[in-house]
Amino acid sequence: MKATAKAHTNIALIKYWGKRDESLILPMNNSLSLTLDAFYTETTVTFNHDLDEDIFYLDNELIVGDQYTKVSNFLELIRNFADIPNLFAEIRSTNAVPTAAGFASSASGFAALAAAATRALDLQIDEPTLSRLTRQGSGSACRSIYGGFVEWEKGAEDDGSDSYAVHIAPQDHWDVRVAAVVLSSDMKKVSSREGMKRTVETSPFYSGWVDNIPTDLTQIKAAIHARDFEKMGEIAEANCQKMHATTLGANPPFTYWHDTTLTVMQTVQSLRAKGIAAYFTIDAGPNVKVLYQPENEEVVQQTLLNIPGVTNVILSRSGQGITYK
Ligand code: DP6
């Protein structure tokens, strides 16, 4: 009745942006990500007949409020799936995802929770089923089941049965690196959940975003298989800018970018002008992630650290999928 699982977070190169079903977390578009080894969550779930509610500790701190409710609601989903009503659990998680790095810990968090809970109950489920369950905690988390390059297929069914992640290329397929550029910023945050909802409902640019996804996906998968770094980077960088463009058309309009975000974007472009292949991508926040190749690690790291307003640069490699202890 007890199990421990570890899951890594992931960075989307083709973004998930918009839901067609909010409660089942079904996306409007396929997305594609790289799992990262530097950022992960380790979770132990212990089901116990003596408990009359779930208990959740994060980094040894008892969690209450919204964060607890999200976790407990997710376990309720697992209880329904396993048909074990009223069997509650103690959940202990530790995050190796520096919150300031702007990497949503929800991706590694829900992936580790789903894996540990299903293993603790000894459920014999395959990876697509685990990914489908994980998706209902947080969409991007369903991609963290696998290492390396991963695609989340949006599916077509109303019940979400065909909406889960699939493997595109394993962790050791290609040594692509990612620098997470941390900015000093106190900008008010629009959560990804709220931001994508507002965009779907109000942005006239949203249909253009959805229409363009199949082309970006076909091209980036070809680039990944061919290990064509420039091609992959160009598509990822452009896809990120298309996603962020939709937020400017929303009502009320919003942007995740900060002045330093733009400076980092321009610095990455000027690195390219000097012949150093580096490309940026940005999620629902001001921080920037920079894709680069191993031979350029030092120059990329130093250049980024020299930008005023950049407080830290965390380097990562391609990461692995779920592991159990
Ligand atoms: C911009 O997975 O955090 O990072 O499904 O509502 O929990 P919910 O959203 P979430 O959204 C991630 C959005 C993104 C792009 C991506 O990771 O694909």
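Analysis parameters
Residues numbered from 1 in each chain as written. Predicted model: local features only at pLDDT ≥ 70, side-chain atom pairs only at ≥ 80, totals over all residues. Heavy atoms only, no water. Core = buried A, V, L, I, M, F, W, Y, C linked by side-chain atoms within 4.5 Å. Buried < 20%, exposed > 50% of the residue type's maximum accessible area, 1.4 Å probe, protein only. Helix = DSSP H or I, 4+ residues; strand = E, 2+ residues; numbered from the N terminus. Contact = heavy atoms within 4.5 Å. Phe/Tyr/Trp six-rings, centres within 6.5 Å; stacked < 30°, edge-to-face > 60°. Lys NZ or Arg CZ within 6 Å of the ring centre and 35° of its normal. Axes fitted to C-alpha atoms, helices over the stretch in contact; angles between N-to-C directions. Parallel < 35°, antiparallel > 145°, perpendicular 65-115°, else oblique. Nonpolar A, V, L, I, M, F, W, Y, C, P; charged D, E, K, R; others polar. Domains from an automatic or database assignment. Salt bridge = Lys/Arg side-chain N within 4 Å of Asp/Glu carboxyl O. Polar contact = N/O pair within 3.5 Å; in protein donor to acceptor, adjacent residues only side chain to side chain.

This brings us to the nonpolar core. Leu-32, Phe-47, Phe-149, Ile-220 and Met-232 are the most contacted members of the largest nonpolar core, which has 78 residues in total. Top contributing element to this core by residue count: helix 2 (residues 105-120), with ten residues. If we ignore the near neighbours within four places in the chain, the residues touching Phe-47 are Met-1, Leu-75, Arg-79, Ile-84, Leu-87, Phe-88, Ala-89, Ala-117, Ala-120 and Leu-121. Residues Val-264, Leu-271, Leu-304 and Val-313 belong to the second largest nonpolar core, which totals 20 residues.

In this section: the packing of aromatic side chains. All told, the structure shown has seven aromatic pairs when counted by the stated rule. Where Phe-254 meets Tyr-256, the ring centres are 5.5 Å apart and the plane angle is 90°; that geometry is what we call edge-to-face. Residue Tyr-256 is classed as buried on the basis of its relative accessible area of 2%. In this structure an aromatic cluster arises from ring pairing among Phe-149, Trp-174, Phe-229 and Tyr-279. Taking the ring centre of Tyr-40 as reference, the NZ or CZ of Lys-6 above it sits at 4.1 Å. Positioned over the ring face of Tyr-324 is Arg-119, at 3.7 Å from the centre of the ring.

Here the focus is the packing of helix 1 (residues 66-82) against helix 3 (residues 127-135). Interaxial distance between helix 1 and helix 3 falls to 10 Å at its minimum, and their mutual angle equals 140°. As judged from the angle between their axes, helix 1 and helix 3 are oblique. Here Phe-74, Leu-77, Ile-78 and Phe-81 of helix 1 lie close against helix 3, whose contacting residues are Thr-129, Leu-133 and Thr-134. Residue composition of the contact of helix 1 with helix 3, grouped by class: five nonpolar, two polar and no charged.

To continue, consider the domain arrangement of the protein chain. Considered domain by domain, the protein chain is made up of domain 1 (2-172) and domain 2 (177-316). Relative placement of domain 1 and domain 2: their C-alpha centres are 24 Å apart. At the interface, 32 residues of domain 1 touch 39 residues of domain 2. Taken together, the connections running from domain 1 to domain 2 amount to two salt bridges. When the shortest N-O distance is used, the salt bridge between Asp-283 and Lys-15 registers 2.7 Å. Inspection of the domain 1/domain 2 interface yields eleven residue pairs in polar contact (both at pLDDT 80 or more). Counting only elements with at least two residues in the side of domain 1 that touches domain 2, the list comes to strand 1 (2-14), strand 4 (31-47), strand 8 (149-153) and strand 9 (164-169). Per-element tally for the side of domain 1 that touches domain 2: the top contributor is strand 4, with six residues. Here the side of domain 1 that touches domain 2 is built from residues that sort into 20 nonpolar, six polar and six charged.

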